[in-house]
Amino acid sequence: MKFYIATDHAGYAVKEDVIEYLKAKGHEVTDLGPDSPQRVDYPDFAKKLANTIVKDEGSFGILICGTGIGISIAANKVDGIRAALCHDAYTAQMCREHNDANVLCFGERVVGQGVIESMIDAFCSAEFQGGRHLGRVQKIGCMRVDS
Ligand code: RB5
């Protein structure tokens, strides 16, 4: 699978380990930053990754901040992004199978390396099931403020 990864300063410390893990599993990974642990704003990196994923059809993203909350909220503002905040292998599997998630998000302050690796494995092994889930995902894609 082709991955892009980005974090804020609170997700920076685990980024290299995640990249190494993905590469060891045979995936392609591009690091979209940041390139130092200096304080940054998570919406900037969420936006950068989200735009990249949308333009590179079939690619996937990993976004990490302190909790995973802010960076997932921000990424989901971009059309075509389905960013899932996950906490374990089950949620990482289900976000692919039911929600066709294209970005896996988590919090560095929430999960340890073992859980991170199990989430990546689950996310990569699962496939979107389509069927009754397809119409729901399509409804997400055209959600706008009611006029
Ligand atoms: C940074 O301190 C923290 O607020 C950020 O990484 C994230 O957890 C926000 O949702």
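Refer to the preceding data block for the structure.
Values in this document were obtained by computation on a predicted structure and should not be read as measured data.

**What about the site of the ligand?**
Residues in close proximity to the ligand include Asp-8, His-9, Ala-10, Tyr-42, Cys-65, Gly-66, Thr-67, Gly-70 and Arg-109, which together make up its full environment. Measuring from an oxygen atom of the ligand, one finds a backbone N or O atom of Gly-66 at 2.8 Å. The contact in question runs from an oxygen atom of the ligand to an N or O atom on the backbone of Thr-67, over 3.0 Å. Alone, the ligand offers 290 Å² of accessible surface; in the complex the protein occludes 74% of this. Split into classes, the residues belonging to the shell around the ligand amount to 3 nonpolar, 4 polar and 2 charged.

**Let's talk about the packing of helix α4 (residues 89–97) against helix α5 (residues 113–125)**
Packed helices, taken two at a time, are described by the angle between their axes plus the distance between the axes. Relative to each other, α4 and α5 sit at 25°, their axes nearing to 8 Å. The angle between the axes of α4 and α5 places the two elements in the roughly parallel class. Between α4 and α5 lies a crossing of right-handed hand. Contact residues: α4 offers Ala-89, Ala-92, Gln-93, Cys-95 and Arg-96, while α5 offers Ser-118, Met-119, Ala-122 and Phe-123. Class assignment of the residues belonging to the contact of α4 with α5 gives a composition of 6 nonpolar, 2 polar and 1 charged.

**Examining the layout of surface pockets**
By volume, the largest pocket amounts to about 220 Å³. Asn-76, Lys-77, Val-78, Asp-79, Gly-80, Ile-81, Arg-82, Val-137, Ile-140, Gly-141, Met-143 and Arg-144 are the residues that line the largest pocket. Class assignment for the residues of the lining of the largest pocket results in 5 nonpolar, 3 polar and 4 charged. Put simply, the second largest pocket is a space of about 180 Å³.

**Here's the deal with the packing of aromatic side chains**
For any pair of aromatic rings, geometry is given as the distance between the ring centres together with the angle between the planes. For the structure shown, the criterion picks out 3 aromatic pairs. Summarising the aromatic geometry, the rings of Phe-3 and Phe-60 are spaced 6.1 Å apart at their centres and angled 45° between planes, so their arrangement reads as tilted. Taken together, the residues span a long stretch of sequence, with Phe-3 in strand β1 (residues 2–7) and Phe-60 in strand β3 (residues 60–65) at a distance of 57 residues. Considering the side-chain rings of Phe-3 and Phe-123, the 6.4 Å spacing of their centres and the 45° angle between planes classify their relative orientation as tilted. Taken together, the residues span a long stretch of sequence, with Phe-3 in strand β1 and Phe-123 in helix α5 at a distance of 120 residues.

**Notes on the nonpolar core**
By size, the foremost hydrophobic cluster in this structure holds 25 residues, and its most contacted members are Val-18, Ile-62, Phe-106 and Ile-120. A total of 6 residues in this core trace back to one element, the largest contributor, which is α5. Of all hydrophobic cores here, the second largest spans 18 residues; its members include Leu-32, Leu-49, Ala-50 and Val-103.

Parameters at a glance
Each chain carries its own residue numbering, running from 1 in the written order of its sequence. Reporting of local features is limited, given that this is a predicted model, to residues whose pLDDT is at least 70; pairs of side-chain atoms are given and counted only at 80 or more, and all residues count toward the totals for whole chains, interfaces and linings. Remark: hydrogens and water are excluded; side-chain values derive from all non-hydrogen atoms of the structure. Think of it this way: one heavy atom of a residue within 4 Å of a molecule or strand is enough to make that residue near it. For this analysis, a polar contact is any N or O atom pair within 3.5 Å, provided that within protein one partner can donate a hydrogen and the other can accept it, and provided that sequence-adjacent residues contribute only side-chain to side-chain pairs. Accessible surface is estimated by sampling points in the Shrake-Rupley manner with a 1.4 Å probe; for residues, cover comes only from the protein chains shown. Side-chain classes are defined by residue name, with Ala, Val, Leu, Ile, Met, Phe, Trp, Tyr, Cys and Pro counting as nonpolar, Asp, Glu, Lys and Arg as charged, and the others, Gly among them, as polar. All axes here are fitted lines through C-alpha atoms, helices being fitted over the stretch that makes contact, and every angle between N-to-C directions spans 0 to 180 degrees. By definition, any uninterrupted DSSP run of H or I lasting at least four residues is a helix, any uninterrupted run of E lasting at least two residues is a strand, and each is numbered from the N terminus. Any angle that falls under 35 degrees is termed roughly parallel, while one over 145 is termed roughly antiparallel, one within 65 to 115 roughly perpendicular, and all others oblique. Here is the rule for handedness: rotate from the far helix to the near one, and if that takes an anticlockwise turn smaller than a right angle the crossing is left-handed, while a clockwise turn gives right-handed. Residues count as neighbours in contact if any of their non-hydrogen atoms are within 4.5 Å of one another. In this analysis, the protein atoms alone were mapped onto a 1 Å grid. Cavities are point sets where a 1.4 Å probe fits without being able to get out; pockets are open sets with protein on both sides within 12 Å along at least five of seven lines; lining residues have an atom within 4 Å of a point. Grid points are joined across faces, edges and corners, and a volume is the space filled by probe spheres set on the points. Aromatic pairs are defined between Phe, Tyr and Trp rings, using the six-membered ring for Trp, whenever the two ring centres lie within 6.5 Å; interplanar angles under 30 degrees are classed as stacked, those over 60 as edge-to-face, and all others as tilted. We define the nonpolar core as a collection of buried residues of types Ala, Val, Leu, Ile, Met, Phe, Trp, Tyr and Cys that are connected through side-chain atoms lying within 4.5 Å of one another. The classification of residues rests on relative accessible area computed with a 1.4 Å probe and restricted to protein chains. Under 20% of the type maximum is buried, over 50% is exposed, and intermediate values are partly exposed.

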